[in-house]
Amino acid sequence: QVPTANVLAVHDVSNIYHVPIILAEQGAHSIIATTLKLPVAAAPRLDAWRSLAASVDDATLTTRIALVGKYTGLSDSYLSVLKALKHAA
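Residues numbered from 1 in each chain as written. Predicted model: local features only at pLDDT ≥ 70, side-chain atom pairs only at ≥ 80, totals over all residues. Heavy atoms only, no water.

> What should I look at first to understand the overall build of the protein in this one?
Across its full length, the protein holds 4 helices and 0 strands. In terms of its C-alpha atoms, the protein occupies a principal-axis envelope of roughly 55 × 35 × 20 Å. Excluding contacts between residues fewer than 6 apart, the proportion of contacts in the protein whose partners are at least 24 apart in sequence is 40%. For the protein, the accessible area works out to roughly 7,700 Å², and carbon and sulfur atoms hold 61% of it. Looking at the protein, you have 7 positive and 6 negative side-chain charges, and the mean spots of the two groups are 9 Å apart. (Helix = DSSP H or I, 4+ residues; strand = E, 2+ residues; numbered from the N terminus. Contact = heavy atoms within 4.5 Å. Areas by Shrake-Rupley, 256 points an atom, 1.4 Å probe, with all protein chains shown as cover. Lys, Arg positive; Asp, Glu negative; His and termini not counted. Charge placed at Lys NZ, Arg CZ, Asp CG, Glu CD.)

Here it is in structure tokens:
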């Protein structure tokens, strides 16, 4: 059974680069080190990572993506690709 203190919440974020920041804020590094019986290090320095996450949030360039396929006339043929692209936008 998982101790309640080891349950972390990772809510929806604007981009994937925010996930390590959220985990660090909840002490994931300490939980992992303790579970593995390793010395607990200081909180990770994530300044550069925060800058990366912010720069991805602030991205404004538009990219055009073309989809070439054999069954493009069928609406469901590439639905998973279209959903992935929409989710990534």
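Structure's up, so let's keep going.
> Can you walk me through the packing of aromatic side chains in this structure?
Within the structure shown, the criterion is met by 1 aromatic pair. Taking the centre distance of 5.8 Å and the plane angle of 65° together, the rings of Y17 and W49 count as edge-to-face. Linking Y17 in the segment before α1 (19–25) with W49 in helix α3 (residues 47–57), this pair joins segments that are 32 residues apart in sequence. (Phe/Tyr/Trp six-rings, centres within 6.5 Å; stacked < 30°, edge-to-face > 60°.)

> I keep staring at the side chain of N15 and nothing clicks. Help me out?
Following the sequence through the fold, N15 ends up in the segment before α1. Classification of N15 as buried rests on a relative accessible area of 9%. Ignoring any residue separated from it by four or fewer positions in sequence, one finds N15 in contact with A53, V56 and D57. (Buried < 20%, exposed > 50% of the residue type's maximum accessible area, 1.4 Å probe, protein only.)

> Whenever I open this one, the environment of G73 confuses me. Can you help?
Structurally, G73 can be placed in the loop between α3 and α4 (79–88). Counting along the chain gives 27 residues from G73 to L46, while the straight-line C-alpha distance between them is 46 Å.

> When you look at helix α2 (residues 28–35) in this model, what are you seeing that I'm missing?
Working note: α-helix, 3.6 residues per turn, so residues spaced by three or four point in the same direction. Where α2 is concerned, the buried positions are A28, I31 and A33. Where α2 is buried, its residues meet α1. Phi for K37, located one or two positions after α2, is positive at around 60°.

> When you look at a nonpolar patch on the surface in this model, what are you seeing that I'm missing?
Side chains of I16, Y17, W49, L52 and V56 sit close together on the surface and give an oily, nonpolar patch of about 420 Å² of accessible area. Within the element layout of this structure, I16 appears in the segment before α1. (Patch = residues over 30% accessible without salt bridge, like charges linked within 9 Å, V, L, I, M, F, W, Y side chains within 5 Å. Salt bridge = Lys/Arg side-chain N within 4 Å of Asp/Glu carboxyl O.)

> It is not clear to me how the pattern of salt bridges should be interpreted in this structure. Could you clarify?
Where charged atoms from two side chains of opposite charge come close, those side chains can pair. Per the stated rule, a full pass over the model turns up 1 salt bridge. Its salt-bridge partner being R50, residue E25 comes within 3.6 Å of it at the nearest N-O pair. Linking E25 in helix α1 with R50 in helix α3, this pair joins segments that are 25 residues apart in sequence. Classification of E25 as exposed rests on a relative accessible area of 58%.

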